[in-house]
Amino acid sequence: GGAEAVGAIETFMRAKDYASAALTQFTLGRLLLDCGEVRQAVEVLESSLLLRRQSRDKLGLAETLSALGKAFAHIGYQLHAMDYFQQALALCQEIGDREGEALCQRQLGKVHHLHGDHNEALAALDTSLALALRLDCVEGQAECHDAIADVHLDLGDSRLALVHLEEAVSLFSSLAPSHPKPEDEDEDEDAEEEEGEKAAERPGRGEEEGKEGGGAGAGGAGAGG
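I will try to describe carefully the structure that is included in this document. These figures come from a predicted structure and were not determined experimentally.

Generally speaking, soluble globular proteins have nonpolar side chains that are buried together. Of all hydrophobic cores here, the largest spans 32 residues; its most connected members are Leu-65 and Leu-68. Of all the secondary-structure elements, those providing two or more residues to this core are helix H1 (2-14), helix H2 (18-34), helix H3 (38-55), helix H4 (58-74), helix H5 (78-95) and helix H6 (98-114). Setting aside anything within four residues of it in sequence, one finds Leu-68 in contact with Val-42, Leu-45, Glu-46, Leu-49 and Tyr-84. Residues Ala-121, Leu-122, Leu-125 and Ala-147 belong to the second largest nonpolar core, which totals eight residues.

Next up, the structure:
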């Protein structure tokens, strides 16, 4: 996958299709980041960033800045991460991307928390939570409550931490049953299998008649002897 992506990037660059090259680099960078190859991911994402600046793709630029922020946070460069998230946030606000804004605020809150800036962390997380509520984004709300609980726990307020943690658990649980419960389907299948086994154990009508006929024939032969 990585070699194919590099080949595609080279092809796009030769064709001067910088937007497609930047998108492919961004996708590859995210893949590397998910695989834990953070330093390689940063290199690829920074290349994507340069191309997206050239093409003035503000939405793509915000996505790439946010991904870079996540990468730097992962390796402990909190101040670098904050800078990238702030840039991404400003772009999301400029283009009216509310979902992106909520994500950036949430990521900023987490980075501020890691950096020990508890008040800034809570302010960013509260803003993100308000946006998630307005957007009716349940997952975003759950992640905000979870992060807020962590901050309150570090501040020594276990009561508030528990309130937010319980809310997070409740919201995460509500996301799970998006279709009928598998247990119900399993019960139906088990019932069908049980019925099938019972039917297999019961002799068919033809078999019963055959047995009766065979018994009668044997009796007749004994009488004839």
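Here the narrative resumes.
Contact geometry of H4 with H5 gives a least axis separation of 8 Å together with a crossing angle of 160°. One element, H4, and the other, H5, form an angle in the roughly antiparallel class. In this structure, H4 meets H5 at a crossing whose hand is left-handed. Contacts from Lys-58, Leu-59, Leu-61, Ala-62, Leu-65, Ser-66, Leu-68, Gly-69, Lys-70, Phe-72 and Ala-73 in H4 reach Gln-78, His-80, Ala-81, Tyr-84, Phe-85, Gln-87, Ala-88, Leu-91, Cys-92, Glu-94 and Ile-95 in H5.

The next point concerns the packing of H1 against H2. In the contact formed by H1 and H2, the axes pass within 8 Å of each other and the chain directions differ by 160°. Our classification of the angle between H1 and H2 gives roughly antiparallel. Between H1 and H2 lies a crossing of left-handed hand. Residues Gly-2, Ala-5, Val-6, Ala-8, Ile-9, Phe-12 and Met-13 of H1 form the contact with H2, whose participating residues are Tyr-18, Ser-20, Ala-21, Thr-24, Gln-25 and Leu-28. Looking at the contact of H1 with H2, its residues break down into nine nonpolar, four polar and no charged.

Before going further, it helps to examine helix H9 (residues 158-175). An α-helix turns once every 3.6 residues. As a result, residues three or four positions apart point the same way. Here H9 is 18 residues long and its end C-alpha atoms lie 26 Å apart, about the 26 Å a rise of 1.5 Å per residue gives. Taken together, the buried positions of H9 are occupied by Ala-161, His-164, Ala-168 and Leu-171. Taken down its axis, H9 places every buried residue within 100° of arc, on the same side. Exposed side of H9, more than 90 degrees from the buried face: Ser-158 and Arg-159 are the residues found there. Looking at the packing, one finds that the buried side of H9 touches helix H8 (138-154).

Thresholds applied
- Position numbers for residues start from 1 in each chain and track the written sequence from start to end.
- Given that this is a predicted model, residues contribute local features only at a pLDDT of at least 70 and side-chain atom pairs are listed and counted only at 80 or more, while totals for whole chains, interfaces and linings are drawn from all residues.
- Side-chain metrics in this entry use all non-hydrogen atoms of the structure; hydrogen atoms and water are not considered.
- Each nonpolar core is a collection of buried residues, namely Ala, Val, Leu, Ile, Met, Phe, Trp, Tyr and Cys, held together in the definition by side-chain atoms within 4.5 Å.
- Using a 1.4 Å probe on the protein chains alone, a residue whose accessible area is under 20% of its type maximum counts as buried, one over 50% counts as exposed, and one in between counts as partly exposed.
- A run of DSSP states H or I qualifies as a helix once it reaches four residues; a run of E qualifies as a strand once it reaches two. Both are numbered from the N-terminal end.
- Should any heavy atoms of two residues lie within 4.5 Å, those residues are considered in contact.
- Lines are fitted to the C-alpha atoms to define the axes, a helix being fitted only along its stretch in contact, and any angle between axes, read from their N-to-C directions, falls within 0 to 180 degrees.
- Convention used here: angles under 35 degrees read as roughly parallel, angles over 145 as roughly antiparallel, angles from 65 to 115 as roughly perpendicular, and any remaining angle as oblique.
- Rotating anticlockwise by less than a right angle from the far helix to the near helix defines a left-handed crossing, while the corresponding clockwise rotation defines a right-handed one.
- Three classes are used, and their members are as follows: Ala, Val, Leu, Ile, Met, Phe, Trp, Tyr, Cys and Pro are nonpolar, Asp, Glu, Lys and Arg are charged, and the others, Gly among them, are polar.
- Expected span, for any helix, means 1.5 Å times one less than how many residues it has.
- The arc in question is the one traced by the directions running from the helix axis out to the C-beta atoms.

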